[in-house]
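Commentary on secondary and tertiary structure
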Amino acid sequence: MTDVNTRDSGAATETGDRSRPRAVLPALCATQVTSWGIVYYAFPVLNPEITAATGWSAGATTAAFSAALLVSAIAGIRVGRILDHRGPRMVMTAGSVLGVLSLLIVAAAPNLAVFTAGWLLAGFAMAATFYQPAFAALTRWWAPQQVRALTIVTLAGGLASTVFAPLTAALADHLTWRATYAVLAGILALITIPAHALALNAPWPKAPPPPDRPSDHADAVARSRPFWMLAAALTLASFATYAVVVALIPLLLDRGYTTTQAAWALGLGGAGQTLGRTLYATLARRTGATLRTALLIALGGITTAAIALVPGPYALLVALSIAAGTVRGNLTLLQATAITDRWGAIHYGRLSGLLGAPTTSAAALAPFAGAALAAPLGGYPALFLLLAALSLAAAITAFGSTPLQTSARHTPTTKTPRAHWLRSRTADAVPTTSKSNSPTSTTSTSPSDEHRARP
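Going along each chain's sequence as written, the residues are numbered from 1 onward. Owing to the predicted nature of the model, reporting of local features is limited to residues with pLDDT of at least 70; listing and counting of side-chain atom pairs is limited to 80 or more, with chain, interface and lining totals taken over all residues. Each side-chain value is derived from all of the structure's non-hydrogen atoms; neither hydrogens nor water enter the calculation.

1. Some thoughts on the overall build of the protein chain
Segments assigned H or I by DSSP are reported as helices when at least four residues long, segments assigned E as strands when at least two residues long, and all are numbered from the N terminus. Of regular secondary structure, the protein chain possesses 18 helices and zero strands. A buried classification covers 57% of the 455 residues belonging to the protein chain. Counting contacts in the protein chain only where the partners sit at least 6 residues apart, residues at least 24 apart contribute 83% of the total. Buried, partly exposed and exposed residues are distinguished by accessible area as a fraction of the type maximum, computed with a 1.4 Å probe on protein chains only: under 20%, between the cut-offs, and over 50%, respectively. Whether two residues touch is decided by their heavy atoms; if any such pair falls within 4.5 Å, the residues are in contact.

2. Side note on helix α12 (residues 225–254)
An expected span of 1.5 Å times one less than the residue number is assigned to each helix. Counted at 1.5 Å a residue, the expected span for α12 with its 30 residues is 44 Å, and the 43 Å between its end C-alpha atoms agrees. Across the chain, bend at a residue is computed as the angle between axes fitted to the seven residues ending at that point and the seven starting from it. Along α12, the sharpest change in direction is near 45° and occurs at Ala-247; proline Pro-250 comes one to four residues later. The element α12 is largely enclosed, with a buried count of 21 among its 30 residues. Following α12 by one or two positions, Gly-256 has its phi on the positive side, about 95°.

3. Brief notes about unusual backbone geometry
Put simply, Gly-312 and Pro-313 share a cis peptide bond, and its omega is 0°. Within the secondary structure layout, Pro-313 lies in the loop between α14 (289–309) and α15 (314–343).

4. So, empty space enclosed by the protein
A 1.4 Å probe that fits into a set of points on a 1 Å grid over the protein atoms alone but cannot get out defines a cavity; an open set with protein on both sides within 12 Å along at least five of seven lines defines a pocket, and lining residues are those with an atom within 4 Å of a point. Grid points are joined across faces, edges and corners, and a volume is the space filled by probe spheres set on the points. If you walk through the whole model with that rule in mind, you get four cavities of 30 Å³ or more. In this structure, the largest cavity spans a volume of roughly 750 Å³. Lining the largest cavity are 37 residues, and of these Trp-36, Tyr-131, Tyr-242, Gln-335 and Thr-360 lie nearest its centre. Of all the secondary-structure elements, those providing two or more residues to the lining of the largest cavity are α2 (24–40), α4 (58–86), α6 (112–129), α7 (131–142), α12, α13 (259–286), α15 and α16 (348–377). If you tally residues by element for the lining of the largest cavity, the top one is α16, at eight residues. Among the residues forming the lining of the largest cavity, the class breakdown is 22 nonpolar, 13 polar and two charged. Charged residues are taken to be Asp, Glu, Lys and Arg, nonpolar residues to be Ala, Val, Leu, Ile, Met, Phe, Trp, Tyr, Cys and Pro, and polar residues to be all remaining types, Gly included.

5. Some remarks on the environment of Leu-70
Looking at where Leu-70 falls in the secondary structure, it is placed in helix α4. When the C-alpha atoms of Leu-70 and Pro-358 are compared, they prove to be 9.2 Å apart, with 288 residues separating the residues in sequence.

6. A word on a nonpolar patch on the surface
Each patch groups residues whose relative accessible area exceeds 30% and which form no salt bridge, using 9 Å between like charges and 5 Å between nonpolar side chains of Val, Leu, Ile, Met, Phe, Trp and Tyr. Accessible surface is estimated by sampling points in the Shrake-Rupley manner with a 1.4 Å probe; for residues, cover comes only from the protein chains shown. Think of a salt bridge as a Lys or Arg side-chain nitrogen and an Asp or Glu carboxyl oxygen that are within 4 Å of each other. There is a patch of nonpolar side chains on the surface, built from Leu-295, Leu-299 and Ile-302 and spanning about 250 Å² of accessible area. When you line up the elements, Leu-299 lands in helix α14.

7. Points about the confidence of the model for the protein chain
Low-pLDDT stretches of the model should not have their predicted coordinates read in fine detail. How sure the predictor is of each residue is captured by pLDDT, a score from 0 to 100. Here the protein chain averages 79 in pLDDT, and 80% of its residues register 70 or above. Within the model, pLDDT remains below 50 along residues 1–18, and this stretch shows 31 contacts once partners closer than five positions in the same chain are excluded. Counted against residues more than four places away or in other chains, residues 406–455, with its pLDDT under 50, gives 86 contacts.

8. A look at the environment of Ile-50
Its place among the elements puts Ile-50 in helix α3 (residues 42–54). When its relative accessible area of 0% is taken as the criterion, Ile-50 is described as buried. The spacing of Ile-50 and Thr-176 is 126 residues in sequence and 9.0 Å in space, taken between C-alpha atoms. When neighbours within four sequence positions are excluded, Ile-50 is seen to be in contact with Gly-55, Trp-56, Thr-61, Phe-115, Trp-177 and Tyr-181.

9. As for the packing of aromatic side chains
Note on ring pairs: Phe, Tyr and Trp rings are taken, using the six-membered ring of Trp, and paired if centres are within 6.5 Å. Classes follow the plane angle, with under 30 degrees stacked, over 60 edge-to-face and the rest tilted. Tallied over the full model, the rule gives 17 aromatic pairs. On the basis of an interplanar angle of 55° and a centroid distance of 5.3 Å, the ring pair of Tyr-40 and Phe-65 is categorised as tilted. With a gap of 25 residues between them, Tyr-40 in helix α2 and Phe-65 in helix α4 connect regions that are remote in the sequence. This pair shows no difference in class: Tyr-40 is buried, exactly as Phe-65 is. Taking the centre distance of 4.4 Å and the plane angle of 10° together, the rings of Phe-43 and Phe-65 count as stacked. With a gap of 22 residues between them, Phe-43 in helix α3 and Phe-65 in helix α4 connect regions that are remote in the sequence. Like Phe-43, the residue Phe-65 is buried in the burial classification.

10. Notes on the packing of helix α9 (residues 160–174) against helix α10 (residues 177–199)
At their nearest, the axes of α9 and α10 sit 9 Å apart, and the two run at 135° to each other. In this view, α9 runs oblique relative to α10, as classed from their interaxial angle. Once α9 is placed against α10, the crossing between them reads as right-handed. Residues Phe-164, Thr-168, Leu-171 and Ala-172 of α9 lie in contact with α10, whose contacting residues are Thr-180, Val-183, Leu-184 and Ile-187. Grouping the amino acids of the contact of α9 with α10 by side-chain chemistry returns six nonpolar, two polar and no charged. For every element, the axis is a line fit to its C-alpha atoms; helices are fit only across the contacting stretch, and the angle between N-to-C directions ranges from 0 to 180 degrees. The labels follow the angle: roughly parallel below 35 degrees, roughly antiparallel above 145, roughly perpendicular from 65 to 115, and oblique for the rest. Helix crossings fall into two classes, left-handed where the near helix is turned counterclockwise from the far one by less than a right angle and right-handed where it is turned clockwise.

11. Thoughts on the nonpolar core
As used here, the term nonpolar core means buried Ala, Val, Leu, Ile, Met, Phe, Trp, Tyr and Cys residues forming a set that is joined through side-chain atoms within 4.5 Å. Within the largest apolar cluster, 121 residues are counted, with the highest numbers of intra-cluster contacts made by Tyr-40, Phe-115, Trp-119, Leu-138 and Tyr-181. Here this core gets 17 residues from one element, more than from any other, and that element is α12. If we skip the residues at most four places from it in the chain, Phe-115 touches Phe-43, Ile-50, Trp-56, Thr-61, Ala-64, Val-106, Ala-109 and Trp-177.

12. Things to note about the side chain of Thr-34
By the element assignment, Thr-34 lies in helix α2. The class for Thr-34 is buried, based on a relative accessible area of 3%. What Thr-34 contacts, discounting residues up to four positions off in sequence, is Val-39, Phe-164, Ile-187, Leu-188, Ile-191 and Thr-192.

13. Describing the environment of Leu-236
Turning to its location among the elements, Leu-236 is positioned in helix α12. Owing to a relative accessible area of 27%, Leu-236 belongs among the partly exposed residues under this scheme. As a C-alpha pair, Leu-236 and Ala-393 span 157 residues in sequence and 7.8 Å in three-dimensional space. Sequence-distant contacts of Leu-236, that is, excluding residues within four places in its chain, are made with Leu-390, Ala-393 and Ala-394.

In structure tokens:
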């Protein structure tokens, strides 16, 4: 009789090694660097020039950018469902085309209304090309070793600001902001459209079979208290993190540093993200999902408070930016694995879309809210202290994100009550994978090791 572990292993081989397109990892590395660098990180560098050249207020231009992120959050839910059923090729290729078109509209905008419309279109491009669809692709193609693939792509993605913040500043020194965006749109088209169209062409593997009542599994998770606590913690952390990213340049400008110096500080923070992601696998092996979540969010608050309280010198501020980037890099992987660490890869696209909606909405509101709150609070240092306090609240909230039954999804279905009782006792007693020729043999995984396990 075929044992359960043999079937699982075969499924992993069939949906993993045989269907992994070799070009996917290098392609997604290149497209994540380019998409984030151009569609996201170029804006904080160019916004001071945009407002100076057009007379539009910083609050208005930042609101347009925030609206794009809000659109991305809403569209991400639908994108997640499409990814679950059809795969990433069509979604990410279309997103790249929309990204290029949106930036050309922004560059040519004769007024604030058209400028805002361009950014709203960019929001759909973000939902279709940023980390969420890339993570869904890697989680399905690379299961159960998806953490390694996620780490590789996010290591590259962490360099987006390192590459494109200084590049954008250099282009802006010689071109207008409109011409700079046009050049960046050309780079985006040249790299991302062919990469997504040609590299993401492998057959889309079927999702791992859910344990019981598959139609209800995602809904049950989404309604659970741990899911809501996780969403609340990541939403507060996302607001604080993205407000810091966008507000860092005006903070440094207020302290007397040049645009180029501020851009390099932001860019080197991206190098810190890459450094942080190299450490995540070790951290994941040594900590449980809940403790890891609370710890990383708290560290983000500490670095934010340090930036607020330390006025200089410039080298120290750069070091703090790198430290903050290191935490951000870990937080990216933390969110990428938050679903699988707790509930497995079943309905990953849908659940990550639901989890991503409030976090991306918070990220959307953060730039505008940060710019709006800075003046009433008395400046950007006070804003950063407020953001540090939000991070602390998020860290405390994260302790409520532990699922009540973390191993239930690993348990195969049997019909006899006796077999069900034996299976439950085995899952409670054995924290590592076990093999047996018995029809009730079980694969059980401890919560801290779930990021390596196939659901």
